[in-house]
Structure formats: structure tokens, C-alpha cells
Amino acid sequence: MEELFKKLDIVPKDLSLYKTAFSHSSYANEHHAKKDYERLEFLGDAVVDLVVADYLYRNYKETEGEMTKVRASYVCENALYEYSMDLGLNNYIKVGHGEEANGGKFKKAIVADIFEALMGAIYLDLGYATVRRVILTIIIPYIKNPNIVFFSDYKSALQEAVQTSKKSLYYELISEEGPAHDKKFTMQVRVDGIIYGVGKGNSKKEAEQLAAKNALEKLAL
């Protein structure tokens with residue numbers, strides 16, 4: 001990982017944090033390890049959200065709603081996956097044999113999770129100022145490049161359309177499949193009680209977005 005540390009311009013103190021950050025649950029289970037990256041991912045998710053929100057607040061004059069949409073586009077799974085792949089983080093992921101055979105080191109959900117887990121590790125090891133610098137160094141070039149679009153907030157677009165026509169809208173979980181480390185969720189969105197869209201993703205949020213996209217494609221509002 002020395003090459004990665006140089007790329008990020010950090011000097012780690014506690015290497016065990018970084019080993020955990022790259023350990024998928026399938027690897028931890030196979031090797032009887034006590035830790036996988038999920039707790040660090042949870043922490044890193046909040047840290048990345050805060051850093052990006054703080055940057056947008058200080059540098060842009062948009063409304064709260066507009067900033068929320070912009071932030072969502074740079075912390076969504078597609079964006080996190082892109083950051084990870086650009087940094088080559090998938091080269092450091094440790095997965096179990098079965099997961100590796102299924103292409104685990106390239107699965108979008110896992111590769112995206114690793115970015116957040118790594119940021120969680122840097123935060124715990126080196127503090128907020130350092131992780132803030134690292135995150136902004138990675139993400140600001142994407143924010144400033146108008147040709148890069150990671151994400152369309154289909155849920156917001158659908159909500160706005162529904163509000164315009166005074167219709168009700170809600171999402172519900174249809175199914176949840178697969179092992180804990182590789183869940184697949186299917187969500188449906190109803191408008192006035194009628195199913196208008198269905199989406200399947202690696203998280204409930206992703207499935208909801210895909211359901212909303214499906215609905216927008218069908219819905220004549």
C-alpha cells in the first residue's frame with residue numbers, strides 16, 4: 001500500500017486500520033478475522049458527506065435544495081466507484097475466494113464502499129484536517145469538470161413532477177435477495193397507489209432511484 005499512501009500524500013500511523021478498510025466480509029469470514037470494512041464504511045460515508053457539504057456551502061451560493069442535489073451527485077455510488085477505480089483501490093481489496101471468482105474486486109457496490117472505508121480509516125488515523133484535504137484533492141477536479149456527470153436524481157425529478165400534478169408517491173421494498181455482503185434490493189414506486197416503476201440495485205437507495213427512472217420513462221404527467 002506504500003504506493004497508495006504516496007499518491008494520497010499521507011503517512012499512516014496505524015496500518016491495521018487500512019488493512020481492515022480493504023477487508024471485505026467474505027475475506028474476513030474465510031480467514032476468521034474479527035473485522036471487515038463495514039464499520040469504517042459507515043464512518044467514512046458520514047465524513048465524505050460532511051466534507052463535500054462544507055465545500056459546497058463555502059464555495060457556492062445555491063439554495064439548500066440545490067446543494068443537496070449537487071452533493072448527492074458527488075457522493076453517490078457511481079461517483080465513489082469512479083474515485084476508487086481512478087485511485088486503483090480495487091487492487092488492494094481483499095475478498096473471499098468465492099467473491100473473487102464472481103468478480104468482487106470490480107463490483108460497483110464493493111469498490112464504492114472501499115472508498116468510504118478508506119476515508120474512515122484516514123479520519124481515525126490522521127484526523128479531520130488530513131481526511132478533508134485528501135477528499136477535496138480527489139473530488140474537486142470532478143466538481144469543476146462540467147463534462148463529468150455521475151448521477152441524475154430521478155427521485156427528486158419524479159417528486160417534482162408528482163407535486164405539480166398533486167399526486168401521491170411512495171416507494172416500497174418488493175424483495176431482498178442474496179448474502180449479507182452482496183444484497184440485491186428490488187423497489188417499486190407507486191403514484192396514486194398505482195405501480196409506475198420498478199428498480200433493482202445493490203442498495204435500497206439505488207433501487208429507488210432506478211424505480212424512479214423507470215417511472216419517469218413511463219409516466220405521462
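Our subject in this report is the structure included herewith. (Residues numbered from 1 in each chain as written. Predicted model: local features only at pLDDT ≥ 70, side-chain atom pairs only at ≥ 80, totals over all residues. Heavy atoms only, no water.)

Before going further, it helps to examine the sheet that holds strand β1 (residues 169-177). An order of β1-β2-β3 is seen for the three strands of this open sheet, with the pairing classed as antiparallel. Strands with a single pairing partner mark the edges of an open sheet, and in this sheet they are β1 and β3 (194-201). Going from strand to strand, the sheet's axes swing by 20 degrees on average, the running direction of each strand aside. As judged from the eight bridges shared by β1 and strand β2 (residues 184-191), these two strands associate in the antiparallel manner. For Tyr 171, the partnering residue across the bridge sits in β2 and is Val 189. (Pairing = 2+ DSSP bridges. Helix = DSSP H or I, 4+ residues; strand = E, 2+ residues; numbered from the N terminus. Axes fitted to C-alpha atoms, helices over the stretch in contact; angles between N-to-C directions.)

Turning our attention to the side chain of Glu 116. Relative to the elements of secondary structure, Glu 116 occurs in helix α8 (residues 108-126). Summary of buried charges: Glu 116 has no salt-bridge partner, and the nearest side chain of opposite charge, Lys 205, is 8.1 Å away. Residues in contact with Glu 116, not counting those within four places in the same chain, are Leu 40, Glu 41, Gly 44, Asp 45 and Leu 80. (Buried < 20%, exposed > 50% of the residue type's maximum accessible area, 1.4 Å probe, protein only. Lys, Arg positive; Asp, Glu negative; His and termini not counted. Salt bridge = Lys/Arg side-chain N within 4 Å of Asp/Glu carboxyl O. Contact = heavy atoms within 4.5 Å.)

A separate point is the nonpolar core. The biggest cluster of nonpolar side chains holds 48 residues, and the ones touching the most others in it are Tyr 83, Met 119, Ile 122 and Ile 138. Secondary-structure elements contributing two or more residues to this core are α1 (2-8), α2 (15-21), α4 (38-59), α5 (64-75), α6 (77-87), α8 and α9 (128-143). The leading source of residues in this core is α8, at eleven residues. Excluding anything up to four places from it in sequence, Tyr 83 contacts Tyr 74, Phe 115, Ile 138, Ile 139, Tyr 142 and Phe 150. In terms of nonpolar packing, the next biggest core, distinct from the first, is built from twelve residues, Val 162, Phe 185, Ala 211 and Ala 215 among them. (Core = buried A, V, L, I, M, F, W, Y, C linked by side-chain atoms within 4.5 Å.)

Closest axis-to-axis distance for the α4/α5 pair is 10 Å, and the angle between their directions is 135 degrees. Classified by the interaxial angle, the pair formed by α4 and α5 is oblique. Between α4 and α5 lies a crossing of right-handed hand. Contacts from Val 48, Asp 49, Val 52, Ala 53, Leu 56 and Tyr 57 of α4 reach α5 at Met 67, Val 70, Arg 71 and Val 75. Classifying every residue of the contact of α4 with α5 by side-chain character gives eight nonpolar, no polar and two charged. (Parallel < 35°, antiparallel > 145°, perpendicular 65-115°, else oblique. Left-handed = near helix turned anticlockwise from the far one by under 90°. Nonpolar A, V, L, I, M, F, W, Y, C, P; charged D, E, K, R; others polar.)

With that out of the way, let us pick up α5. Taking 1.5 Å as the rise per residue, α5 with twelve residues should run 16 Å; its terminal C-alpha atoms sit 16 Å apart, in good agreement. Looking only at α5, the buried set comprises Met 67, Ser 73, Tyr 74 and Val 75. Residues of α5 that are buried make contact with α4, α6 and α9. (Expected span 1.5 Å × (residues − 1).)

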